[in-house]
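# Architecture at a glance
The residues making up each chain are set out below.
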Amino acid sequence: MSFQTKADNSATNQVYKETFRLSRFARTYGTQLGMLGVFFALWLIFIVSAPNTFLSSRIYFAFMSTIPFFAIMAIPLTMVVIAGEIDLSFPSIMAMGMVAFSFVYNSTNIIDNVSIRVLLAFIAALLAGAIIGWLNGVIVVWFGIPSLVATIGTQFFWRGAVLVLTQGANFTLSYIKGSFLYPALVGKIGGYLPMQMIWLILIAILGWILLNRHKLGAHIYLIGDNVHSAELMGVNTGIVRIRAFMLIGLIAAFAGVVASFHVAYFWPSLGDGYLLSTLASVFLGGTSVFGGTGTILGTFLGAFIIGAIEAATVAVGLTGFWTQLIYGLIIVLSVIMHTYLRKRVE
Amino acid sequence: MDYRLELRNVSKSFGEVQALENINFQLGRNEVVGLLGDNGAGKSTLIKIMTGYHQPTSGEIFFNGQRVDHLTVPAARKLGVETVYQERALAELQSLWRNIFLGRELRNRWGLLDVNQMKQETYRLMSQYMGFTSSAVNPNSRVGTFSGGEKQGVAIVRALYFDAEIIILDEPTMGLSLKETAKLTKFVTDIKKAGKSAIFIDHNILHVYNVADRVVVVDRGRIAGQFMTKDISLDKLMDKMVQVAETGNLD
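Treat the numbers as computed from the prediction; the structure is a model and nothing was measured.

### What about the overall build of chain A?
Within chain A, the secondary structure is distributed over 16 helices and 4 strands. Dimensions along the principal axes, computed over C-alpha positions, put chain A at roughly 75 × 50 × 40 Å. When burial is assessed residue by residue, chain A has 46% of its 346 residues classed as buried. If you take every contact in chain A between residues at least 6 apart in sequence, the share linking residues at least 24 apart comes to 76%.

### Comments concerning the sheet that holds strand β4 (residues 58-63) of chain B
All names here are of chain B. Judged by pairing direction, the sheet is antiparallel, and its 4 strands sit side by side in the order β2-β1-β4-β5 without closing on themselves. In this open sheet, the two strands that pair with only one neighbour each are β2 (17-27) and β5 (66-67). By the bridge criterion, 5 bridges tie strand β1 (residues 5-14) to β4 in an arrangement that is antiparallel. Looking across to β4, one finds that Leu7 is bridged to Ile61.

### Comments concerning the confidence of the model for chain B
This prediction gives chain B a mean pLDDT of 85; 97% of its residues lie at or above 70. Prediction confidence for the complex, expressed as pTM and ipTM, is 0.88 and 0.83 respectively.

### Digging into the packing of helix α5 (residues 68-82) of chain A against helix α10 (residues 195-213) of chain A
Residue and element names in this part refer to chain A. Relative orientation of the contacting elements α5 and α10 amounts to 5°, with a least axis distance of 9 Å. Between α5 and α10, the crossing angle belongs to the class labelled roughly parallel. Of the residues in α10, those in contact with Pro68, Phe69, Ala71, Ile72, Ile75, Pro76 and Met79 of α5 are Gln196, Met197, Trp199, Leu200, Ile203, Ala204, Gly207 and Leu211. By residue class, the composition of the contact of α5 with α10 is 13 nonpolar, 2 polar and no charged.

### Section: the environment of Ile111 of chain A
All names here are of chain A. Tracing the sequence through the fold places Ile111 in the loop between α6 (90-106) and α7 (114-142). Taking the C-beta count within 10 Å as the criterion, Ile111 has 11 such neighbours and is therefore assigned exposed. In this structure, Ile111 is in contact with Ile116 and Arg117, ignoring residues within four places of it in sequence.

### Concerning the interface of chain A and chain B
Where interface size is quoted, it is often the accessible area lost as the parts come together. Tallying the contact residues gives 28 residues for chain A and 39 residues for chain B. When residues of the side of chain A that touches chain B are traced back to their parent elements, those giving at least two are α11 (215-225) and α12 (227-232) of chain A. Considering each element in turn, the side of chain A that touches chain B owes the most residues, 5 residues, to α11 of chain A. For the side of chain A that touches chain B, the residue count by class is 12 nonpolar, 11 polar and 5 charged.

### Some thoughts on the nonpolar core
Membership of the largest hydrophobic core comes to 176 residues, with the highest contact counts inside it found for Met73, Ala125 and Ile251 of chain A. The residue makeup of this core includes at least three contributed by each of domain 1 (1-80 + 164-251) and domain 2 (92-162) of chain B. Filtering out sequence-adjacent residues up to four positions away, Met73 of chain A remains in contact with Phe90, Ile248, Ile251, Ala252, Ala255, Tyr274 and Thr278 of chain A.

### Some words on unusual backbone geometry
Positioned with a positive phi, Ala264 of chain A is a non-glycine residue whose angle comes to about 50°. Overall, the presence of 14 C-beta atoms within 10 Å leaves Ala264 of chain A in the partly exposed class. The backbone of Asn64 of chain B shows a phi angle near 50°, a positive value even though the residue is not glycine. Here Asn64 of chain B lies in the loop between β4 and β5.

### Observations regarding the confidence of the model for chain A
This prediction gives chain A a mean pLDDT of 89; 95% of its residues lie at or above 70. Contacts of residues 1-12 of chain A to residues separated by more than four positions or lying in other chains number 19 contacts, the stretch itself having pLDDT below 50.

### Considerations on the domain arrangement of chain B
Residues and elements named next belong to chain B. According to the domain assignment, chain B consists of domain 1 (1-80 + 164-251) and domain 2 (92-162). One C-alpha centre belongs to domain 1, the other to domain 2, and the line joining them spans 27 Å. Each partner contributes residues to the interface: domain 1 has 9 residues there, and domain 2 has 7 residues. Among the residues making up the side of domain 1 that touches domain 2, the classes are represented as 5 nonpolar, 2 polar and 2 charged.

### What to know about α10 of chain A
For α10 of chain A, spanning 19 residues, the distance from its first C-alpha to its last is 26 Å, which sits close to the expected 27 Å at 1.5 Å a residue. Of all the positions in α10 of chain A, only Met195, Gln196, Leu200, Ile203, Ala204, Gly207, Leu210 and Leu211 of chain A are classed as buried.

### Brief notes about the sheet that holds strand β10 (residues 222-228) of chain B
All names here are of chain B. Read across the sheet, 6 strands follow the order β6-β7-β8-β3-β9-β10 without closing on themselves; strand pairing throughout is mixed. The sheet is open, and its two borders are formed by β6 (81-84) and β10, each paired with just one other strand. The mean inter-strand angle of the sheet, taken between neighbouring strand axes irrespective of direction, is 20°. Direction of pairing for strand β9 (residues 214-219) relative to β10: antiparallel, over a ladder of 6 bridges. Pairing of Val217 across the sheet is with Gly225, part of β10.

Reading guide: rules and limits
Residues numbered from 1 in each chain as written. Chains lettered and ligands numbered in written order. Predicted model: local features only at pLDDT ≥ 70, side-chain atom pairs only at ≥ 80, totals over all residues. Helix = DSSP H or I, 4+ residues; strand = E, 2+ residues; numbered from the N terminus. Buried ≥ 20, exposed ≤ 12 C-beta atoms within 10 Å, placed from the backbone. Contact = placed C-beta atoms within 7 Å. Pairing = 2+ DSSP bridges. pLDDT = per-residue confidence, 0-100. Axes fitted to C-alpha atoms, helices over the stretch in contact; angles between N-to-C directions. Parallel < 35°, antiparallel > 145°, perpendicular 65-115°, else oblique. Nonpolar A, V, L, I, M, F, W, Y, C, P; charged D, E, K, R; others polar. Core = buried A, V, L, I, M, F, W, Y, C linked by C-beta atoms within 7 Å. Domains from an automatic or database assignment. Expected span 1.5 Å × (residues − 1).

Next up, the structure:
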């Protein structure tokens, strides 16, 4: 071994080329391939058993309209889980963002322009989400509280705050229809393609870049894998984890705005139904509950499987009672598959 | 005096436990110092202060004669300190290239990771220094699948890649085969030849004696004494070590 450093590039001109080999490819991308397999197998089953429903485009536009509400949040949640943490408070953050939204909208009535008021309110919602996320991160990092416990606490706290601040009242948001944000967030391109689907794709791409091509993502993987190694190598593990919590707070508030705009109405229970489907999307997508591994693509597919099962069970001719049973079966089987594939890799 | 690294009156306590007490330590230019001491003597705490991982409770740290306050891991790395930790500090589920650049990822002009460049560098380091010749190992391989010696190779090559001036090796021979240990010894002599400095920590007196210019004996959080290896025979050093372990005193 001789002593050379990066300045010395001339020693050899060997270039590393990624040669494609099926066995290696299958090993590296095992979980994603498994996930794609599950995805297409289920799809095929749906088509065969309910061809009228699953061969027409209407059902897919319906999926693209409703699935993004929780799929959007599953993207940053994937990062939090890869970092070895969990966030259970995002449904309350959705609602709290909307409280900030309506508070700012109502207190800016000196401004004559609805679009500007809605824009300010929108920014306030995102800000509130990021701040609540930051608080989650601070509780976990500075006080060393396990995130599972900390975010159960903040989940109740912020839901409570929503109820206290709104006195439990629901109200209409019909005024947003006069704002340019309304078509931008929940409009339909060509009368068919819902804008929330475009936002989901955008957030998924940005999430992929952040996780795979940015320092933050690299450090998220390292922290989830071995937090002690990351610290010894000079990674600021606290700041990275706080940023991950801020990110899900921000996106949860965004999802809250999108979901409320969709119905132009605010319910103080906003977000309540999304906790388990968002978590299920992440774990179904192959992200390890122990941290260190996981992919955006897996979560994306996972969200669509979760979202499609309900419609599929009904279309296939089973009663709605079957939905949860099938959910459970698919989640458990997929997680077993992922664990098995991961063991094969080692 | 212009030392590469100097600690003056450094103490460190963890709550009630006094891990280090008034340590005065110097590392010269182009010098290899061996740190010897029993388990729990404070060797690991001492080096973690030099790498910025622990902050001393009191005392001063000097690099090249300049006093450095609040030494952190990134700051120590900027000053040219590289460490091969006892626990190796690897992320075993991650690929080889991610481990080589752990905490110091290369970035392109858009601020995004330069993944291709990191894979190329990893491949070069692998084939030139790590002795990975098997085609099964490539920059995308997961480090968790490597043997103990291979993992140690990754930790060492990582320390070398970033223009280190001071290389700290904490129990580097632990879990290594005889052949791998011989390779490691040669590696430390190469550090010396390249004009760099090193601190070498090991349980095995023989390993240290063979490569170090000077041996510093740590006992119960204090420096018990030091010897130039050229002035003392291996047998004598061993006797002294046993005496320190029994009495806490060299004389």
